[in-house]
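Structural overview for review
Given next are the chains, with one letter for each unit.
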Amino acid sequence: MAPTDSSKPRRPLSSAAAVLAESADDAAFATTLAKGLVVLEAFKAGSTLLGNMELSTLTGLPRPTVARLTHTLAELGYLRYDAERSKYRVGPRALRMAHPLLAGMQFRQVARPMMQELAHSVRGTVSIGLLDATSMIYVETARSGDVGPHVPDIGMPIPVAMTAMGRAAAATLPSADADRLERNLAGEDAALWSAVRDKYRAGIAQCKSRGFCTCWGEYIASIHAVAAPLFHISESKQSFSINCGIPAFRLQPGQLEGEIGPRIAALADSIRAMADTAIPAAETRKQNKKSART
């Protein structure tokens, strides 16, 4: 079957549930498959063991439908049934889905020793994130000692709008994609977008002017962060950024912007050079503007 018409406006793909809710009139959309993915997405940190009734409540799907889906997913290995508790947990086969994606990001292996060095130096965390709709997904991380209440882990999502990592990734996007992301952020949570829009745009501007942006406890009050754009891969439509998060009590006045910001920007430069990857789209636009003036 031919793919969906590319001229159709793209949905904000924030979750399988959001897409399912909007796809009733799409004859090419596999509803049963989407419902199975909705069930899988219900399993998150803090909700690792769920029964059919809980899944029905979380997903809005009827309990008999959930029961068929969980049985099928368990038979396939994507869920595992706990007979003592009459509940399900994510099965090991789900990890197989992540491997092809992570294996295509070979720059992570190049970056990790340098990330660990910086994390140890500042006693914080250093992580690479991949833009996914209105979230950032950690794809590599390094940390040193006690880093406070937020401990990044591979596969963990954080919001784009409220984080330095998200704003730095947005700075790599081509103009049309950057505009679409703003529309998706506004459509997903209009009140939140109204509250953070100016800071979000200021962060992108800071990335263009200084190579990094800062975030002062917006996502987690006790953690301050700085992030730099990495690159946008047009073929796979993947946008990456790198951040450094530090417990607020460890920071000296002016340290985040004066010391750690330039260091994360320099680390991003080193990763791009070693990965032989093009400079961010935002920097390309900046250079083009300079060329046009001269």
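Below is a summary of the structure that appears in this document. (Residues numbered from 1 in each chain as written. Predicted model: local features only at pLDDT ≥ 70, side-chain atom pairs only at ≥ 80, totals over all residues. Heavy atoms only, no water.)

Another aspect to go through is the overall build of the chain. The helix and strand tally for the chain stands at 11 helices and 8 strands. Out of the 294 residues in the chain, the part that is buried amounts to 42%. Taking the contacts inside the chain whose residues are at least 6 apart along the sequence as the reference set, 57% of them involve residues at least 24 apart. For the chain, the exposed surface amounts to about 15,800 Å²; the carbon and sulfur share of it is 54%. (Helix = DSSP H or I, 4+ residues; strand = E, 2+ residues; numbered from the N terminus. Buried < 20%, exposed > 50% of the residue type's maximum accessible area, 1.4 Å probe, protein only. Contact = heavy atoms within 4.5 Å. Areas by Shrake-Rupley, 256 points an atom, 1.4 Å probe, with all protein chains shown as cover.)

Another aspect to go through is the environment of Lys 35. Tracing the backbone through its elements, the reader meets Lys 35 in helix H2 (residues 31-41). Placed 26 residues apart in sequence, Lys 35 and Leu 61 show a C-alpha to C-alpha distance of 8.0 Å. If we ignore the near neighbours within four places in the chain, the residues touching Lys 35 are Leu 20, Leu 61, Thr 65 and Leu 69.

Attention shifts here to the packing of aromatic side chains. As enumerated under the stated definition, the model contains 5 aromatic pairs in all. Seen from their ring centres, Phe 107 and Phe 231 are 5.0 Å apart, and the 80° between their planes marks the pair as edge-to-face. Residue Phe 107 is found in helix H6 (residues 107-122), and its partner Phe 231 is found in strand E7 (residues 223-233); the two are separated by 124 residues along the sequence. Taken as a pair, Phe 107 and Phe 231 share a single burial class, namely buried. The rings of Phe 107, Phe 231 and Phe 240 are connected pair by pair, giving a single aromatic cluster. (Phe/Tyr/Trp six-rings, centres within 6.5 Å; stacked < 30°, edge-to-face > 60°.)

The next thing to look at is the side chain of Ser 127. Assignment of secondary structure puts Ser 127 in strand E3 (residues 125-132). Accessibility expressed as a relative area gives 0% for Ser 127, which makes it buried. Here the side chain of Ser 127 touches Thr 141 through a polar contact of 2.7 Å, side chain to side chain. The residues touching Ser 127, leaving out its near neighbours within four places in the chain, are Met 115, Tyr 138, Glu 140, Thr 141, Pro 152, Met 165, Ser 241, Ile 242 and Asn 243. (Polar contact = N/O pair within 3.5 Å; in protein donor to acceptor, adjacent residues only side chain to side chain.)

Bringing the sheet that holds strand E5 (residues 157-159) into the picture now. What the 6 strands build is an open sheet, ordered E5-E4-E3-E8-E7-E6; its pairing is antiparallel. Either end of the sheet is taken by a strand with one partner, and the two such strands are E5 and strand E6 (213-216). Neighbour-to-neighbour, the strand axes of this sheet turn through a mean angle of 35°, independent of strand direction. On top of the sheet, H6 reaches E3, strand E4 (135-143), E7 and strand E8 (238-247); it is set at about 65° to E4, its chief contact. On top of the sheet, helix H10 (residues 255-275) reaches E3, E6, E7 and E8; it is set at about 25° to E7, its chief contact. (Pairing = 2+ DSSP bridges. Axes fitted to C-alpha atoms, helices over the stretch in contact; angles between N-to-C directions.)

Quick look at empty space enclosed by the protein now. Within the structure shown, the criterion is met by 1 cavity of 30 Å³ or more. What the largest cavity holds in volume is close to 200 Å³. Listed by contribution, the elements that provide at least two residues to the lining of the largest cavity are helix H7 (164-170), E7 and E8. Its residues assigned to classes, the lining of the largest cavity comprises 12 nonpolar, 6 polar and 1 charged. (1 Å grid on protein atoms, 1.4 Å probe; cavity = no way out; pocket = protein on both sides within 12 Å on 5 of 7 lines; lining within 4 Å. Points joined across faces, edges and corners; volume = space filled by probe spheres on them. Nonpolar A, V, L, I, M, F, W, Y, C, P; charged D, E, K, R; others polar.)

Here we come to the nonpolar core. Core analysis: the biggest nonpolar cluster contains 30 residues, and Val 126, Ile 128, Phe 240, Ile 242 and Ile 264 have the highest contact counts within it. No other element matches H10, which puts 7 residues into this core. Excluding anything up to four places from it in sequence, Ile 264 contacts Leu 118, Val 126, Phe 212, Val 226, Ala 227, Ala 228, Ile 242, Asn 243 and Cys 244. Val 160, Ala 171, Trp 193 and Cys 207 belong to the second-largest nonpolar core, a separate cluster that totals 25 residues. (Core = buried A, V, L, I, M, F, W, Y, C linked by side-chain atoms within 4.5 Å.)

This brings us to the pairing of E4. Here E4 lies mainly inside the structure; 7 of its 9 residues are buried. Sheet topology note: the E4/E5 ladder contains 3 bridges and is antiparallel. Within E5, the position partnered with Ile 137 by the bridge is Pro 157.

Between its first and last C-alpha atoms helix H4 (residues 63-76) spans 20 Å; for 14 residues at 1.5 Å apiece the expected length is 20 Å, and the two agree. Those residues of H4 lying buried are Thr 65, Val 66, Leu 69, Thr 70 and Leu 73. Buried residues in H4, looked at end-on, bunch into an arc of 125°, giving them a common side. Exposed and facing more than 90 degrees away from the buried side of H4 are Pro 64, Arg 68 and Glu 75. Residues of H4 that are buried make contact with H2, helix H3 (52-59), strand E1 (79-82) and strand E2 (87-90). Note on H4: the residue one or two positions beyond its end, Gly 77, has a positive phi of about 95°. (Expected span 1.5 Å × (residues − 1). Arc of directions from axis to C-beta.)

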